[in-house]
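The residues making up each chain are set out below.
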Amino acid sequence: MRNNYELWLAFIACSIIGGIYGAVVFLTRGIPPASDLFGHALGIFGFIMMIMTELLYSLRKRSRSARWGRMSAWLQFHIFTGLVGPFMVLLHTSWKFNGLAGVTTLFTVVIVLSGFIGRYIYTRIPRTADGLEVGAIVSPEMIARTRRLMALWHTIHIPIGMALFTAAFIHIGAALYYATLLR
Ligand code: HEM
Ligand code: HEM
């Protein structure tokens, strides 16, 4: 995590997706509705990326086996999907934020912003490529404070994720039932 590759890649991916979205708006002369093919696809693929964000890094973190790839690479992937997925979901909303779907979008924005704060704190702790902390001997005071801050951050970031996915699953169930099946 000593570089910003994941942020640049996410920026490029979002620019390409934004470009395609812009082309659709131009060609159809309107905002793609959330329930049409394009808007729906954005919602579904974006949401799949968000589920990957929620699950994969946590699973790798708990596996503790280097066989599954370096932790730093998984965190970079976490951040990439954690930015591109929400961006696609944002385009899916058709810029309407009523009711529970609007609340779900708000949670999504909050978790992404919280992610940036977490990334900032995380990168202040020197680590090996596998995420293990180093340097506790060199500057124990600084590391202890940053580690406490990181623990506090976890107690906020994780529940927001849970609230987000609970709201998202209710939205998806209701949207599919009312807007897709009953049409
Ligand atoms: C975290 C993920 C998601 C968020 C934040 C989200 C958010 C939204 C928002 C804000 C709207 C507009 C509501 C309005 O009209 O005011 C919407 C509509 C819709 N969403 Fe999602 N969505 C997500 C995922 C999905 C997924 C995965 C699906 C499909 C499987 C889906 C299906 C729909 C449908 C069908 C509508 C249109 C409802 C209608 O026309 O009344 N959404 N969504
Ligand atoms: C859909 C969006 C996101 C979701 C659902 C999500 C979810 C999570 C979860 C559940 C964890 C806890 C992992 C664990 O300790 O087991 C986590 C950690 C983390 N996330 Fe996210 N995240 C999202 C977006 C982001 C973004 C955009 C960033 C950075 C810009 C980010 C940075 C981090 C960092 C730095 C950690 C801490 C890593 C650690 O302590 O090992 N996240 N995230």
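All values reported here derive from a predicted model rather than from experimental measurement.

What counts and how
Residues numbered from 1 in each chain as written. Chains lettered and ligands numbered in written order. Predicted model: local features only at pLDDT ≥ 70, side-chain atom pairs only at ≥ 80, totals over all residues. Near = placed C-beta within 6 Å. Helix = DSSP H or I, 4+ residues; strand = E, 2+ residues; numbered from the N terminus. Nonpolar A, V, L, I, M, F, W, Y, C, P; charged D, E, K, R; others polar. Core = buried A, V, L, I, M, F, W, Y, C linked by C-beta atoms within 7 Å. Buried ≥ 20, exposed ≤ 12 C-beta atoms within 10 Å, placed from the backbone. Contact = placed C-beta atoms within 7 Å.

A. The site of ligand 1, seen in detail. Ala34, Lys96, Asn98, Ala101 and Ala175 are the nearest of the 26 residues found near ligand 1. The element contributing the most residues to the shell around ligand 1 is helix α5 (residues 140–181), with 7 residues. Of the residues contributing to the shell around ligand 1, the split by class is 12 nonpolar, 13 polar and 1 charged.

B. Seen up close, the site of ligand 2. Lining the immediate surroundings of ligand 2 are 23 residues, of which Ser58, Gly82, Gly115, Gly118 and Tyr122 lie closest. For the shell around ligand 2, the secondary-structure elements that each account for two or more residues are α2 (37–63), α3 (71–92), α4 (99–123) and α5.

C. Just the nonpolar core, in detail. Leu83, Val84 and Met88 are the most contacted members of the largest nonpolar core, which has 20 residues in total. Secondary structure elements with two or more residues in this core: α1 (5–28), α2, α3 and α5. If one sorts the elements of this core by residue count, α3 sits on top with 11 residues. Other than its neighbours up to four places away in sequence, Leu83 contacts Ala10, Cys14 and Val112.

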